[in-house]
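Listed below are the residues making up each chain.
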Amino acid sequence: MPYVASCTFREPVKTYYLDPGELEIHAGERVIAMTARGLEMGSVKWLPREIGDDKIAGKPSRIERVATADDLRIDAENKIFEADALRIIRDRVTEFNLPMKPVSAEMTHDKSKLYFFYESDDRVDFRELLRDLTHRLGLRLHLQQVSPREAAGIIGGVGVCGRELCCATWLDEKPPVTLKMAKEQGLALTPSKISGSCGRLMCCLRYEVDFYRDQNMRLPQPGSPVDSPEGPGHVLNVNVISEQCVVQLGDGRRIVVPGETLRNLRESRGVPKACGNHISAGGSCEGASGGGCSSKSGGGCGSGGCKSGGCGSKKTEPVAVAMY
């Protein structure tokens, strides 16, 4: 197994395995290493150790040296140059009227190449811009388009939770997030409440969705007919966290029943019968779909509680309704 050190560079989330050679390095120490971009300065995240071959793609790059005082000075100068270059790039993008949003500019440690990241919805013809910037800055430029999520990770910031953005600190993968995940968690679908700094759905919508999916399978859905300790009714509301269900009985009363109690009654009594003329089936009955009637008798249309034989103007037969 190869003996490697874990280092981070401009991207604080991703970790790269590098060959330390004979160097004695420590966690948090700044080092100079050759990467796919070129010579860069990074920080040692973990001390060198043996790593399985299956976790490393190809031969790891070598750490050239531990950063010296001159390296730290050059890195500080590069950061000042990057800020100035980004201002120039923004002015030139505006001058050329290109549909692109400059995000950041990053220069290699040996000043051989400048990487410019931009955000855009479509492909941009930046050939004239590239020639102009190359002449003005006197450097080789590499322009790279990034998505809104990637741009947020590069810029950084603070989320609505009050903490630094996950994509800028520890989230090394950005799996797709869908609106269905917000619905499954019972969240308000207001865009301002479920969107992150990037303008897309928040990545944290994925964190608890598996828990909510499991709970939704274990608990009845709102509107489902159920048998409660006080008689049949239908579910009005479900608290997924506490597993407390608000059930409306046939006589109009509302009670709170634990989800476990409803599950036990369903297993012992089976699926309750519902009125075939209930509004959930397209009828006119507004009573409890679990057999309740809109009358005050507390009986069920399918159980003979309603003397007319149904809640509507015609006699209906009891039907079974699918449950959780």
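Here is a short report on the structure shown in this document. Remember, predicted model here, so these are calculated numbers, not experimental data.

### Some remarks on helix α8 (residues 259-269)
Buried within α8 are the following residues: G259, L262, R263 and L265. Here the buried residues of α8 occupy an arc of 165° about the axis, which is enough to place them on one side. The exposed set on the far side of α8, more than 90 degrees from its buried face, consists of E260, E267 and S268. Just past α8, the residue G270 takes up positive phi, approximately 90°.

### Some details on the sheet that holds strand β12 (residues 254-258)
With antiparallel pairing, four strands are arranged side by side in an open sheet as β9-β10-β11-β12. Looking at which strands have only one partner, the edges of the open sheet turn out to be β9 (225-228) and β12. Pairwise comparison of adjacent strand axes, ignoring direction, gives a mean angle of 50° for this sheet. Relative to β12, strand β11 (residues 244-249) is paired through five bridges, and the arrangement is antiparallel.

### Observations regarding the nonpolar core
In terms of nonpolar packing, the biggest core is built from 18 residues, with M100, L114, F116, L129, L141 and L143 touching the most fellow members. Elements with a contribution of two residues or more to this core: α1 (69-96), β6 (101-107), β7 (113-119), α2 (127-137) and β8 (140-146). Ranked by residue count, the leading element in this core is α1, at four residues. Excluding residues that lie within four positions of it along the chain, L114 makes contacts with A85, A105, E106, M107, L137, L139, R140, L141 and H142. Counting residues in hydrophobic clusters, the runner-up holds ten residues, among them V235, V238, I255 and L262.

### Thoughts on the sheet that holds strand β3 (residues 30-34)
Judged by pairing direction, the barrel is mixed, and its five strands sit side by side in the order β1-β2-β5-β3-β4 before closing back on the first. Geometrically, the sheet is characterised by an average inter-axis angle of 55° between neighbouring strands, direction not taken into account. Across three bridges, β3 lies against strand β5 (residues 61-66) in antiparallel orientation. Bridged to A33 within β5 is I63.

### A look at the packing of aromatic side chains
Enumeration according to the criterion identifies five aromatic pairs in this entry. Taken together, a centroid distance of 6.0 Å and an interplanar angle of 40° make the contact between W170 and Y207 tilted. Within this pair, whereas W170 is found in the loop between α4 (166-169) and α5 (179-184), its partner Y207 is found in the loop between α6 (191-194) and α7 (209-218), the two being separated by 37 residues in sequence. What links up through ring pairs into an aromatic cluster is the set F116, Y118 and F126. The residue whose ring lies beneath R37 is Y115, and the NZ or CZ to ring-centre distance is 4.9 Å.

About the cut-offs
Per chain, residue numbering runs from 1 following the sequence as it is written. Local features in this predicted model are restricted to residues of pLDDT 70 or higher, and side-chain atom pairs are both shown and tallied only at a pLDDT of 80 or more, whereas totals for entire chains, interfaces and linings draw on every residue. The side-chain quantities take in all heavy atoms of the structure and omit both hydrogens and water. For the exposure calls, accessible area comes from a 1.4 Å probe over protein chains only, and a residue counts as buried if that area is under 20% of its type's maximum, exposed if over 50%, partly exposed in between. Helix and strand definitions follow DSSP, with helices as H or I runs of at least four residues and strands as E runs of at least two, each counted in order from the N terminus. Summarising the geometry, the arc corresponds to the directions from the helix axis toward the C-beta atoms. By this definition, two strands are paired if DSSP reports at least two bridges between them. Working convention: axes come from line fits to C-alpha atoms, limited for helices to the stretch in contact. Angles between N-to-C directions cover 0 to 180 degrees. The set of buried Ala, Val, Leu, Ile, Met, Phe, Trp, Tyr and Cys residues whose side-chain atoms join them within 4.5 Å is what this entry labels a nonpolar core. Any two residues whose heavy atoms approach within 4.5 Å at even a single point are treated as in contact. Here a Phe, Tyr or Trp ring, Trp counted by its six-membered ring, pairs with any other such ring whose centre lies within 6.5 Å, and the pair is stacked when the planes are under 30 degrees apart, edge-to-face when over 60, and tilted otherwise. Charge-over-ring placement is defined geometrically: NZ (Lys) or CZ (Arg) within 6 Å of the ring centre, and within 35 degrees of the ring normal.

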